[in-house]
Amino acid sequence: MAFAMKYFVRTYGCQMNVADSNEMARHLRARGFSATADPDDASIFLVNTCTVRQHAEDRAFSEIGRLRRWKAARPDRKVVVTGCAAERTRVFLERRFPHIDLVAGARSIESFGEAVDRLLSNRPTDESLDYAAGSPDGRVADFVTIMRGCNYSCAYCIVPYVRGRESYRPMGEILDEVRERVDEGVRDVTLLGQTVNSYHRDGRAGRNTDFADLLEAVGEVDGVERVRFISPHPFYMTDRVIEAMAAVPAVCEGLHLPVQSGSDAVLGAMRRNYTREGYLDLVGKLRRAMPGIVLSTDVIAGFPGETEDDFRHTLSLLEAVGFDWCFVFKYSPRQGTPAAERPAWPEALVEERHRVCLDLAEGIGRERRRRLVGTIQDVLVEGDGAGRTRGNYKVQIDGRAAAGSTVPVRVSNADRVTLEGERVDIAVGASSDPPSSCVTLARSPSP
Ligand code: SAH
Ligand code: SF4
Ligand code: F3S
């Protein structure tokens, strides 16, 4: 039977991993492979793993286990395991799952092409072929990696162990990639890095280029409508960065700013390098510079040593800030990190705090969303009549709208995290017909 030149990719974990998956997929396409949505049609199955919490790792490992039968059905098939869990547990993976053909950890992403060449030894390569094509499926929004690794050592976190120290891409290279994406139709660019706003490079005349400079430069690229970034660290959220966010029109009024805890004792034990007050000051500055900014965060529930009182401080911080949404994670001990040496709370307590925190965050979020009802938001349409606001709320648009266009939408329902709304630029019975690419609204007027 002929070798089907198709690959299937499963990605676990954060946007960094999604961006890495896209990059690895480009290497496969450069070798003549094309994507398939059906693993049965594929000859390469790539599992890009995450290890940030045990649960994420377990899910990837059970999928890898199930691939034994996929491979047995056609032994010329290749199982490729990449990403952060692959970096952490390479030896274990190779022993436990002999059906894996290639393990390539997160740190070796740069040499992934060569590893694939060795795997497929007799297959021709043409790196020029399609290599630059970042968004084969016509994405309107895409990620651009600007730095890799993390120089922090938050006590709970495995990421620095599996991703290594920080390295920053040259600004010219980043801008080239942004321009390529724009040529492919991308309008909304998210700059990516573990502590994305620590970005800096040696510049000319002894002046460093910093993240604020980069925001300005990316915002000036022709065709870039929106610039976002993830994940910023509060420590590098300098006045310069906040000023650039407010001053550069393309930079969106939305920020995911992980806080982890609202207690100074816990923040100290976590080695986060800021205090509750420092974080709240930052929020004040952000809101003064960009009224209406949409804020979201990450919280860890049940960190070792977190007392009832510490936990209440986290709850009160969530209320004080009023986050639009909040990801709450149950603390998960990661082997080799300092926090894993400390006695963990019983699972039931971690679960209880997780639930309480989540309930509170959801209530706050609902309240925030309710304020949007009746407002008109610019929605950049990404496809299927859905798009995002500048603040990064997803919106389901009643009526059709062409992908890549930005349309004014009045929010009509905010019960769920995905908002609903209707276009206000095309009214029923309007005198001039809308262009056929964005016909809309066969809708009875609301009472
Ligand atoms: N670099 C980003 C976050 C990377 S990990 C940052 O510093 O903001 C994404 C989120 O996972 C973190 O913000 C944290 O809330 C959570 N996380 C990381 N390690 C964890 C652990 N051991 N247990 C539970 N949650 C964890
Ligand atoms: Fe992990 Fe902290 Fe680095 Fe984020 S800043 S990746 S939480 S060590
Ligand atoms: Fe997971 Fe690695 Fe991201 S551990 S959260 S995929 S950096």
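To be clear, the structure that these remarks concern was listed above.
What you see is a predicted model, and the numbers here were worked out from it, not measured in a lab.

**Remarks on the overall build of the chain**
Of regular secondary structure, the chain possesses 12 helices and 20 strands. Structurally, the chain occupies a C-alpha span of about 65 × 60 × 55 Å along its principal axes. Among the 447 residues that make up the chain, the fraction classed as buried is 51%. The contacts of the chain with a sequence gap of at least 6 include a subset with a gap of at least 24, amounting to 73%.

**Some thoughts on the sheet that holds strand 4 (residues 78–83)**
On the basis of which strands lie adjacent, the open sheet formed by 5 strands has the order 2-1-3-4-5 and parallel pairing. The sheet is open, and its two borders are formed by strand 2 (34–35) and strand 5 (102–105), each paired with just one other strand. The sheet strands contacting helix 2 (residues 54–73) are strand 1 (6–11), strand 3 (44–49) and strand 4, and the helix crosses strand 3 at an angle near 170°.

**Some points on the packing of helix 7 (residues 211–219) against helix 8 (residues 239–247)**
In contact at an axis separation of 8 Å, helix 7 and helix 8 are set at 15° when each is read in the N-to-C sense. The orientation of helix 7 with respect to helix 8, classified from their angle, is roughly parallel. Seen from above, helix 7 lies across helix 8 with left-handed handedness. Taking contact as the criterion, the partners of Phe211, Ala212, Asp213 and Leu215 in helix 7 are, on helix 8, Arg240, Val241, Ala244 and Met245. Across the contact of helix 7 with helix 8, the residue classes break down as 6 nonpolar, no polar and 2 charged.

**A closer look at the site of ligand 1**
Among the 15 residues in the neighbourhood of ligand 1, the closest are listed as Arg53, Gln194, Gln260, Asp298 and Ser332. Tyr156 is positioned such that a nitrogen or oxygen atom in its backbone is 3.1 Å from a nitrogen atom of ligand 1. Within the backbone of Ser332, an N or O atom sits 2.8 Å from a nitrogen atom of ligand 1. For ligand 1, whose accessible area on its own is 540 Å², the fraction buried by protein is 91%. Those elements that place two or more of their residues in the shell around ligand 1 are strand 14 (294–301) and strand 15 (325–330).

**Focus on the pairing of strand 4**
Among the 6 residues in strand 4, 6 count as buried, and that is most of the element. A two-sided burial pattern is seen for strand 4, the buried positions comprising Lys78, Val80 and Thr82 on one face and Val79, Val81 and Gly83 on the other. Across 6 bridges, strand 3 lies against strand 4 in parallel orientation. Counted as the bridge partner of Thr49 is Gly83 from strand 4. Note on the crossover from strand 3 through helix 2 to strand 4: the handedness is right-handed. By the bridge criterion, 4 bridges tie strand 4 to strand 5 in an arrangement that is parallel. Bridge pairing links Val80 to Leu102 in strand 5. In this fold, the crossover linking strand 4 to strand 5 by way of helix 3 (residues 84–96) has right-handed handedness.

Rules behind the numbers
Residues numbered from 1 in each chain as written. Chains lettered and ligands numbered in written order. Predicted model: local features only at pLDDT ≥ 70, side-chain atom pairs only at ≥ 80, totals over all residues. Heavy atoms only, no water. Helix = DSSP H or I, 4+ residues; strand = E, 2+ residues; numbered from the N terminus. Buried < 20%, exposed > 50% of the residue type's maximum accessible area, 1.4 Å probe, protein only. Contact = heavy atoms within 4.5 Å. Pairing = 2+ DSSP bridges. Axes fitted to C-alpha atoms, helices over the stretch in contact; angles between N-to-C directions. Parallel < 35°, antiparallel > 145°, perpendicular 65-115°, else oblique. Left-handed = near helix turned anticlockwise from the far one by under 90°. Nonpolar A, V, L, I, M, F, W, Y, C, P; charged D, E, K, R; others polar. Near = heavy atom within 4 Å. Polar contact = N/O pair within 3.5 Å; in protein donor to acceptor, adjacent residues only side chain to side chain. Areas by Shrake-Rupley, 256 points an atom, 1.4 Å probe, with all protein chains shown as cover. Right-handed = clockwise from strand over helix to strand, strands pointing away.

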